[in-house]
Each structure stands twice: as structure tokens, then as C-alpha cells.
Amino acid sequence: MSNKAPRSFAINYNAFTKRALRGVIREALAQVAEQGLPDDHHFYIRFDTTREGVVLPEKLRNAYPEHMTIVVQHQYEDLVVGKKDFSITLSFQKHLQRLTVPFDAIQDFTDPAASFRLQFTPVKKETPAEEAAGKKPAVRVEESSEESSILHVDFPQHRRPDEPNSSA
């Protein structure tokens, strides 16, 4: 045993959980990239267009300045799944457009044929009083019903050390 003072750190379960759940999305997209969409499966993918790494043509970025939902079903091409993002070519008003979406920009992933949905919803930041009292919002995972695989996951947003201590 060392005489050194114990190092203070937190185990970031929220980050582990988000990464694992986004890995489910990555695996589904990778399977589709390799084998195509089976049966009636199709995906609705809502993502934050302001996130770093999102690549959109300027016309689409102007039309969807905050969020965008794409449908991966019949008319998609060249789905390429990377470690941190995926790229896909979709038709918008009969014009093919290439998009790149980092997995951490995804807010909602739905496959209606499988009754499967993952939602990533940030919880409000702690107020200074909650922070002072040591109250931290819990990660909440809910199943909507026994027949469904729809998960809603709330992750607390924590202040970065360099952010000012104020409520949002």
C-alpha cells in the first residue's frame, strides 16, 4: 500500500453507458452497410446538426440549423460506418447529398419494424444550490412496455471545469 494520498476521480458511468448504447447504433448501421436492410427494417435518425464533425451541404445546414431527422430505408447509397461516425448518401428533392454524422451527435434512433428506439436526452444542469448540496440527477433508463424495446435515457450534463458556475 502506498503512503500517497488517494487520487480524487469519478467513474463516469454516464459516458460508459452512452458509448455502449451508441455502439448498438453503430453495430446496426454496420450490419446494414454490409448486408442491406432486412425485411421491413428502416431507421429514423435524429441528430444535432451543430455538433462538431457533422458534415452537411450548406443548403441542408441552412434548412436544419439545429436538428435533422433522416430516414434510412429505400433510397440510400454508400453507407460507410466508421468508428466514430457514419456517412451516407441520401436523396433530397431528387438531388443526392452526402452526410456525415458522428455517433455522439445522434439524439434519437428508431427502427419501427423492431419496435426499437434509443433517445439521448440531456437533463438540465444542476442549479448552484443542488450542486452545493451534492445532489446529482440520476441516470434514468426506462422501458416503455414489456412488448417494446424502447429505451429513454437521460444523462446529466456536467459542467466542464473551465465553465463558470451558473445555472442555465
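Residues numbered from 1 in each chain as written. Predicted model: local features only at pLDDT ≥ 70, side-chain atom pairs only at ≥ 80, totals over all residues. Heavy atoms only, no water.

**Some remarks on a nonpolar patch on the surface**
Together, F9, I11, Y13 and F16 make up an exposed nonpolar region whose accessible area comes to about 470 Å². Assignment of secondary structure puts F9 in the segment before helix 1 (13–35). (Patch = residues over 30% accessible without salt bridge, like charges linked within 9 Å, V, L, I, M, F, W, Y side chains within 5 Å. Areas by Shrake-Rupley, 256 points an atom, 1.4 Å probe, with all protein chains shown as cover. Salt bridge = Lys/Arg side-chain N within 4 Å of Asp/Glu carboxyl O. Helix = DSSP H or I, 4+ residues; strand = E, 2+ residues; numbered from the N terminus.)

**A word on the sheet that holds strand 4 (residues 85–92)**
Strand order in the open sheet made by the three strands is 3-4-5, with antiparallel pairing throughout. Taken across any chain shown, the strands that pair with only one partner, and hence form the sheet edges, are strand 3 (76–81) and strand 5 (95–102). Sheet twist, expressed as the mean angle between neighbouring strand axes with direction ignored, is 15°. Note: strand 3 against strand 4, four bridges, orientation antiparallel. Bridge assignment links V80 to a residue of strand 4, and that residue is S87. Set on the sheet, helix 1 makes contact with strand 3 and strand 4; between it and strand 3 the angle comes to about 125°. (Pairing = 2+ DSSP bridges. Axes fitted to C-alpha atoms, helices over the stretch in contact; angles between N-to-C directions. Contact = heavy atoms within 4.5 Å.)

**Considering the side chain of S87**
When you line up the elements, S87 lands in strand 4. Within the structure, the side chain of S87 is placed 2.8 Å from the side chain of T100, a separation counted as a polar contact. Those residues in contact with S87 that sit more than four places away from it in its chain are D78, L79, V80, R98, L99 and T100. (Polar contact = N/O pair within 3.5 Å; in protein donor to acceptor, adjacent residues only side chain to side chain.)

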